[in-house]
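One-letter residues, chain by chain:
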Amino acid sequence: MATDSSADVARATGLGKEVAGPGGHLTILHALDLCVKPGEAVAILGASGSGKSTLLGLLAGLDQPTQGEVWLCGRSLTGLNEDGRAALRNGRVGFVFQDFQLLPTLTALENVLLPLELGGVVQPTPIARAALERVGLTGRADHYPRQLSGGEQQRVAIARAFAPRPQILFADEPTGNLDQETGEQVIDLLLDLRNAAG
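Residues numbered from 1 in each chain as written. Predicted model: local features only at pLDDT ≥ 70, side-chain atom pairs only at ≥ 80, totals over all residues. Heavy atoms only, no water.

Chemist: Please explain the overall build of the protein chain as it appears in this structure.
Modeler: Along the backbone of the protein chain there are 6 helices and 6 strands. Scanning the protein chain from its N terminus toward the C terminus, one meets helices and strands in the order β-β-α-β-β-α-β-α-α-α-β-α. Over its C-alpha trace the protein chain gives a radius of gyration of 17 Å, about what one expects of a compact globule, namely 16 Å for 198 residues. With the C-alpha coordinates aligned to their principal axes, the bounding extent of the protein chain is approximately 50 × 35 × 30 Å. (Helix = DSSP H or I, 4+ residues; strand = E, 2+ residues; numbered from the N terminus. Rg over C-alpha atoms; globule rule 2.2 N^0.38 Å.)

Chemist: Would you take a moment to explain the pairing of strand S5 (residues 93-96) for this structure?
Modeler: Regular strands show a simple pattern: their side chains alternate between the two faces of the sheet. Of the two faces of S5, the one lined by Val-93 and Phe-95 and the one lined by Gly-94 and Val-96 are each fully buried. Pairing geometry for S5 and strand S6 (residues 168-171), over 4 bridges, is parallel. Looking across to S6, one finds that Val-93 is bridged to Ile-168. (Buried < 20%, exposed > 50% of the residue type's maximum accessible area, 1.4 Å probe, protein only. Pairing = 2+ DSSP bridges.)

Chemist: I keep staring at the pattern of salt bridges and nothing clicks. Help me out?
Modeler: Taken as a whole, this structure holds 5 salt bridges when the rule is applied. Ionic pairing is found between Asp-8 and Arg-11, a salt bridge with its closest N-O pair at 2.6 Å. A relative accessible area of 12% means that Arg-11 is categorised as buried. Here Lys-52 makes a salt bridge to Glu-173, at a shortest N to O gap of 3.8 Å. Of this pair, Lys-52 sits in helix H1 (residues 52-59) while Glu-173 sits in the loop between S6 and helix H6 (180-197), and the two are 121 residues apart along the sequence. Residue Lys-52 is classed as buried on the basis of its relative accessible area, which comes to 14%. Glu-173 sits in the partly exposed class, given a relative accessible area of 35%. One network of salt bridges, in which partners are shared, links Asp-8, Arg-11 and Lys-37. (Salt bridge = Lys/Arg side-chain N within 4 Å of Asp/Glu carboxyl O.)

Chemist: What is the right way to look at the side chain of Arg-11 in this model?
Modeler: With respect to the helices, strands and loops of the structure, Arg-11 is situated in strand S1 (residues 10-21). A polar contact is formed between the side chain of Arg-11 and the side chain of Asp-8, at a distance of 2.6 Å. (Polar contact = N/O pair within 3.5 Å; in protein donor to acceptor, adjacent residues only side chain to side chain.)

Chemist: Is there a simple way to think about H1 in this case?
Modeler: Residues lying three or four places apart along an α-helix face the same way, a consequence of the helix completing one turn every 3.6 residues. Among the 8 residues that make up H1, 6 are buried, leaving the element largely enclosed by the rest of the structure. Of the positions making up H1, those classed as buried are Lys-52, Leu-55, Leu-56, Gly-57, Leu-58 and Leu-59. The elements touched by buried residues of H1 are S1, strand S2 (24-36), strand S3 (67-72), S5 and S6. Where H1 terminates, the next one or two residues include Gly-61, which has phi positive at roughly 75°. (Contact = heavy atoms within 4.5 Å.)

Chemist: Before we go on, may I ask you to explain the nonpolar core in this structure?
Modeler: As a rule of thumb, nonpolar side chains are buried together in soluble globular proteins. Of all hydrophobic cores here, the largest spans 27 residues; its most connected members are Val-112, Leu-132, Val-135, Val-156 and Ile-158. Every element with two or more residues in this core is listed here: helix H3 (108-118), helix H4 (124-134), helix H5 (150-162) and H6. For this core, the element with the highest residue contribution is H5, accounting for 6 residues. If we skip the residues at most four places from it in the chain, Val-112 touches Ala-128, Ala-131, Leu-132, Val-156, Ala-159, Arg-160 and Ala-163. In this structure, Ala-10, Ala-12, Leu-15 and Leu-72 belong to the second largest nonpolar core, which totals 21 residues. (Core = buried A, V, L, I, M, F, W, Y, C linked by side-chain atoms within 4.5 Å.)

Chemist: Would you mind showing me how to read the sheet that holds S1 here?
Modeler: Sheet strands line up and pair through hydrogen bonds in the backbone, either parallel or antiparallel. Strand order in the open sheet formed by 4 strands is S2-S1-S3-S4, and the pairing between neighbours is antiparallel. The sheet is open, and its two edges are formed by S2 and strand S4 (75-76), each paired on a single side. Of the pairings in the sheet, the one linking S1 to S2 comprises 9 bridges and is antiparallel in character. Along S2, the bridge assignment pairs Leu-15 with Leu-32. H1 rests against S1, S2 and S3 of the sheet, and its axis sits at about 60° to S2. (Axes fitted to C-alpha atoms, helices over the stretch in contact; angles between N-to-C directions.)

Encoded structure:
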């Protein structure tokens, strides 16, 4: 029976990913089906090296599968080149990376401003400042990543991901580089932001 992928924010059918290795092809993901509805929170659990980051990258259109199909925000990624996938993500997808991925030559505010400016948002600075305020970093807006703690860098990354008000947010082990207390604070923050957006 056919399903309506336009009602989902993310859907994968028969998703597979293989890479070439020294001993031949390595299967990272095989025949995976997944559906994420609007407003739904989904946790992907598994041991280190089980393909969680690969799956998130495929669902967000940051990587391409070797089998299967992915729909993102109601559109198939099949046939889209890198620029096409980036255009689809713009303003619709937020991504919090394991290692923050902040640009070292930009301040916290400038890092949060970047996706807003690339998305053509009119008057992005108040939105970026409000996002930093939501994560408790108003006083650190002019600091560079090297001047921030790991927890502060992660909160900047979260502010950057949420600032454009995306339809879907991917968070790749958002507490993996943090101590337990800071990690719990980050999870609470993500849940608060999700609830506020919903």
